[in-house]
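What the coordinates show
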Amino acid sequence: MANSVINNILHTTSIVNGEHNYEVTPRTVRSFLMEGIRRKIPPYQRPYSWSKTNVESLLKDIYRTSKIEENASWYLGTIYSTKYSMTSLESHLLDGQQRVTTLILILKEISWFDVICDQALDLTQLDAEVVKEWKKQSKNAMQCIYNTDEDDVDIMRFETEPIANKILKRYILESPNIDTFEAASLFIKNFDEEITSEMYQYSPSTRALKENISTIRKFLKDHFYSQGQNRERSIEEIEIGFRGISKFTKTLLYKLWLIEVPLRNEGYSLQIFEGINNRGKELSLADKLQFRSLIRVEAADAEYDIKMKWKDLFVSIENLNSSGQNNNFKSQEDFYKIFFLAHKGAESTSDQIVDLFQEKYLDSAESLLRFFNVAADVVSFFKDVQKPYSENSFSIGFADSNQVEKSIALLGVLRRLLIASSSSRVLIVDLIISVSNQDDNGRRNLMTQGIWNIIQLGVVLDVFNNQKTNTIRGYYNIIIRHRNNINFNRTSSDNRVAIQYPKLIHQILNNEEDLFKIDGLTLKNGKRQPYQFSSLFSPGVGLIKSKSNDVAKLIIYITTYLTEYRTLSKFSLINTQREELEHIFPRKWEAHWSEKTYTMDEVIDYLESLPERDSSLNIPRLISMLKVADDFELRNLGKRDSQENSVIEWYGNKIILSNLENKKLSNKAYSDKKRLYLTSSAWVRIPEFETEIGVGGEDDWTYKEIILRSLNICDLLCNKLFDTSWDSV
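So, the overall build of the protein
Within the protein, the secondary structure is distributed over 29 helices and 17 strands. Across the 729 residues of the protein, 55% fall into the buried class. Counting contacts in the protein only where the partners sit at least 6 residues apart, residues at least 24 apart contribute 73% of the total. When the accessible surface of the protein is summed, it comes to about 32,500 Å², and 47% of that surface belongs to carbon and sulfur atoms.

Encoded structure:
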């Protein structure tokens, strides 16, 4: 009975006296690749993604093994594959894609090492036995990665995903006949240009291929052709290198070994991987979620479709993290943790997340489809934050052109919030989930107002109150749990689902919900009045200053949105990648600004002399805090480049320029800066200078101008930010 179960899982090579001999065979790398069948990666598998660190680790293992005793070996692990019959000429690799792909790349780089390593290399000058052994091993390497059929057509022994396979095929099959350094250099140049072209730049596999080919090439040169690299290499040194790479190749082909387990049906791999995980070899969170979604699937077609959806989601997350200015999610695992944190409002282990996944999305085929759709919506939205001008962008869908511009500008502010505080991601994901059942117009309007509310909340918690990251994350989790306790169904199409989100944040800002205490946040005299922040700022961050460039940029973006949103709507991602924070009064002020230094008494006298204003800033408290700051007055800092409590770090002293303009201005005098401010056609200039919070109209720039502009920014934030909808700016 037991054998009959195993017989359905593993292929049998022979039956002797009723006992089955199974095809589970230890193989060297050479025997594995030279078996005579084509190894293929199923189309649903995630792309090749090994990092430089992974590749270097494998190369070092091979190198170390080649240096020790003759009988040394290195175990690569178990590889699971499927052969649907014993005579099949194809085998799908269910596990081991990363290792096998990397081995193919190493063998390819070995096969033409003598051609690409040096223009001056002449093998005829080397010992004949050294050259003979090298030619033998380089030929062995090439034979392992392609063969020639009876029609004299070269065929790769290994195939990966379609996009990457096209370029891998060119890399392997179009270069074997190249026999000069010049021809090889031209091929490599053209190949690198192709792999970095628009067609391939968003393929995770091709990015990994490009980086890892370079890593392998460098490793081989460094270890086998770098002796005496600052002088002419001697014949003896070159021969030592070629003996070394020949031995390295023999080690790879004959001393690295693996165990292949060929399964009759790839569905059994789910049981195997689940068992491996239960025995302590931790699977990734993405793997756990995928296996859990497949474990109950019976129809082969449905299983294939689900695997393809998982692959598509994997690729879209990878593309998101590599196509923008910053990584919205650090990894696949980070994406899923944030996604399910937005469901529960509590930090969870991987196993708890898998259980939550099953509870929310695995009760039917429809609910699993909803998971893929919502996850795709999350990826799509974060992509829109990076590229709001794209054809199908979230913002482009507004019928009114002014709303399109405002929405694009708002996404720019959100991008800045996400950079300054990644904790807000969970609220964005929560919002997307909440509105997922709305029609396009309803979702767009509710999402946009919700984004505005999240920006408001982020400013209060992340900027004004300078809470620690863990504390802020805890606050956001409380908000999500509170929303889940409100009597509505998260999967319902009822408008209350979407409306509740901005309403709740508005209640929090008005202190109507007793969820947690936001220090110093009160209203002046009831509803519809400007907000009064009784606490000024914590060290480094607050209402008027920050030592964090990312927080300062966020404040500049918000105030620009409130006063001149069109400035933000005209910049592409390329422009914003070039933006730098400009300190008008420079941190390194000694050369051109020494006559503009100030004393504590001068600043206090100036603050006390200002006309009374309906300000949200508590001026007496500000003065009392300045008096205890130990580095408020400017002094020569030597190698230090900032004084976080000086007026130099106040928001009123900061604007955003393109990096080129910022470098031109550097620490120049104000007269030079002003001329460039007003005449330059900069790529990026936020805010524009002749506006409510712009600069450039002042005849001079001292602590007085910094204080006035800082107070204006503070009042604008406290009064207008919380009493304005996104569309009424």
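Don't stop here, the text continues.
As for the sheet that holds strand S3 (residues 25-28)
Here we have six strands laid out as an open sheet, ordered S3-S10-S5-S6-S4-S9, and mixed in their pairing. Looking at which strands have only one partner, the edges of the open sheet turn out to be S3 and strand S9 (158-159). Here strand S5 (residues 74-82) runs beside strand S6 (residues 90-93); their pairing, made up of two bridges, is antiparallel. Note that in S6 the partner of Thr82 across the bridge is His92. Against the sheet, helix H4 (residues 97-111) makes contact with S5, S6, S9 and strand S10 (256-263), and its axis sits at roughly 115° relative to S5, the strand it touches most.

Some words on helix H25 (residues 600-609)
Residues of H25 that are buried include every one of Met600, Val603, Ile604, Tyr606 and Leu607, and no others. For H25, the angular spread of the buried residues around the axis is 160°, confining them to a single face. What points out from H25, more than 90 degrees from its buried face, is the exposed set Asp601, Glu608 and Ser609. Its buried side turned inward, H25 meets helix H26 (619-627) and helix H29 (703-720).

Topic: the side chain of Glu159
Mapped onto the secondary structure, Glu159 falls in strand S9. Other than its neighbours up to four places away in sequence, Glu159 contacts Arg38, Arg39, Lys40, Ile41 and Asn165.

A look at the environment of Glu579
Turning to its location among the elements, Glu579 is positioned in strand S15 (residues 579-583). Sequence separation between Glu579 and Arg685 is 106 residues; the distance between their C-alpha atoms is 8.4 Å. Among the polar contacts made by the side chain of Glu579, one reaches the side chain of Arg416 at a distance of 2.6 Å. Engagement of the side chain of Glu579 in a polar contact is seen with the side chain of Tyr557, the distance being 2.7 Å.

Describing the packing of aromatic side chains
Per the counting criterion, the structure on display carries 40 aromatic pairs. Judged by centre distance (6.3 Å) and plane angle (40°), the ring pair of Phe357 and Tyr361 falls under tilted. On the criterion of helical spacing, the pair formed by Phe357 and Tyr361 is a turn pair, its members being four residues apart in helix H15 (residues 350-361). For the residue pair Phe357 and Tyr361, the accessibility class agrees, reading buried in each case. Residue placement shows Lys108 over the ring face of Trp112; its charged tip is 4.4 Å from the ring centre. Taking NZ or CZ as reference, Lys596 lies 5.7 Å from the ring centre of Trp593, over its face.

Some remarks on the pattern of salt bridges
What the rule picks out here adds up to 32 salt bridges. One salt bridge connects Asp114 with Lys135, and the closest N-O pair in it is separated by 3.5 Å. Of the two residues, Asp114 sits in helix H5 (residues 113-116) while Lys135 sits in helix H6 (residues 128-143), which places them 21 residues apart along the sequence. Residue Arg473 is joined to Glu347 by a salt bridge in which the shortest nitrogen-to-oxygen separation is 3.3 Å. Linking Arg473 in helix H20 (residues 469-485) with Glu347 in the loop between helix H14 (332-344) and H15, this pair joins segments that are 126 residues apart in sequence. The exposed category is assigned to Glu347, whose relative accessible area is 52%. Taken together, the salt bridges that share partners define one network made up of Arg27, Glu35, Arg39 and Glu260.

Brief notes about the nonpolar core
One finds Tyr336, Phe371, Phe381, Leu414, Ile451, Ile455 and Tyr561 to be the most contacted residues of the largest nonpolar core, which totals 91 residues. With 11 residues, helix H19 (residues 440-464) is the single largest residue contributor to this core. Judged by nonpolar contacts, the second largest core, of 66 residues, contains Trp50, Leu93, Leu123 and Leu220.

Topic: the pairing of S15
Burial analysis of S15 places four of its five residues in the buried class, which makes it a mostly covered element. Sheet analysis places S15 next to strand S16 (residues 654-658), joined by five bridges and oriented antiparallel. From the neighbouring strand, Leu581 faces S16, where its bridge partner is Ile656.

So, the sheet that holds strand S17 (residues 685-686)
Pairing within the open sheet is antiparallel, and its three strands lie in the order S15-S16-S17. Taken across any chain shown, the strands that pair with only one partner, and hence form the sheet edges, are S15 and S17. Pairing geometry for S16 and S17, over two bridges, is antiparallel. When the sheet's bridge partners are listed, Ile656 is paired in S17 with Ile686.

Details of H26
Within the span of H26, buried status applies to Ile619, Leu622, Ile623 and Leu626. All buried residues of H26 lie within an arc of 100° about the axis, which places them on one face of the element. In H26, the exposed positions that point more than 90 degrees away from the buried face belong to Pro620 and Lys627.

Remarks on the packing of H14 against helix H18 (residues 425-434)
Two elements in contact, H14 and H18, have axes separated by 8 Å at closest approach and are oriented at 65°. Considering the relative orientation of H14 and H18, their crossing is right-handed. Here Asp334, Ile338, Phe339, Leu341, Ala342 and His343 of H14 come into contact with H18, specifically with Arg425, Val426, Val429, Asp430 and Ile433. By residue class, the composition of the contact of H14 with H18 is seven nonpolar, one polar and three charged.

What about the packing of H4 against helix H9 (residues 204-224)?
Running from amino to carboxyl end, H4 crosses H9 at an angle of 50°, the nearest separation of the two axes being 10 Å. Compared by their axis directions, H4 and H9 come out oblique. Viewed along their axes, H4 and H9 form a crossing whose handedness is right-handed. Judged by residue contacts, Thr101, Thr102, Leu105, Ile106, Glu109 and Ile110 of H4 engage Leu209, Asn212, Ile213, Ile216, Arg217 and Leu220 from H9. Within the contact of H4 with H9, the residues separate by chemical class into seven nonpolar, three polar and two charged.

Notes on unusual backbone geometry
Even without being glycine, Ser666 reaches a positive phi, approximately 45°. By the secondary structure assignment, Ser666 is in the loop between helix H27 (659-665) and helix H28 (670-679). Taking the relative accessible area as the measure of exposure, Ser666 reaches 39% and is therefore partly exposed.

Here we look at the confidence of the model for the protein
In low-pLDDT regions, the fine details of the predicted coordinates are not to be read closely. Mean pLDDT for the protein: 81, with 80% of residues reaching 70 or above. Per-residue pLDDT stays below 50 along residues 487-499; that stretch engages in 29 contacts with residues further than four places along the chain or on separate chains. Note on residues 513-541: pLDDT under 50 across the span, and 87 contacts to partners over four residues away in sequence or across chains.

Digging into the pairing of S5
As judged from the eight bridges shared by S5 and S10, these two strands associate in the parallel manner. Bridge assignment links Ser81 to a residue of S10, and that residue is Pro262.

What counts as what
Residues numbered from 1 in each chain as written. Predicted model: local features only at pLDDT ≥ 70, side-chain atom pairs only at ≥ 80, totals over all residues. Heavy atoms only, no water. Helix = DSSP H or I, 4+ residues; strand = E, 2+ residues; numbered from the N terminus. Buried < 20%, exposed > 50% of the residue type's maximum accessible area, 1.4 Å probe, protein only. Contact = heavy atoms within 4.5 Å. Areas by Shrake-Rupley, 256 points an atom, 1.4 Å probe, with all protein chains shown as cover. Pairing = 2+ DSSP bridges. Axes fitted to C-alpha atoms, helices over the stretch in contact; angles between N-to-C directions. Arc of directions from axis to C-beta. Polar contact = N/O pair within 3.5 Å; in protein donor to acceptor, adjacent residues only side chain to side chain. Phe/Tyr/Trp six-rings, centres within 6.5 Å; stacked < 30°, edge-to-face > 60°. Lys NZ or Arg CZ within 6 Å of the ring centre and 35° of its normal. Salt bridge = Lys/Arg side-chain N within 4 Å of Asp/Glu carboxyl O. Core = buried A, V, L, I, M, F, W, Y, C linked by side-chain atoms within 4.5 Å. Left-handed = near helix turned anticlockwise from the far one by under 90°. Nonpolar A, V, L, I, M, F, W, Y, C, P; charged D, E, K, R; others polar. Parallel < 35°, antiparallel > 145°, perpendicular 65-115°, else oblique. pLDDT = per-residue confidence, 0-100.

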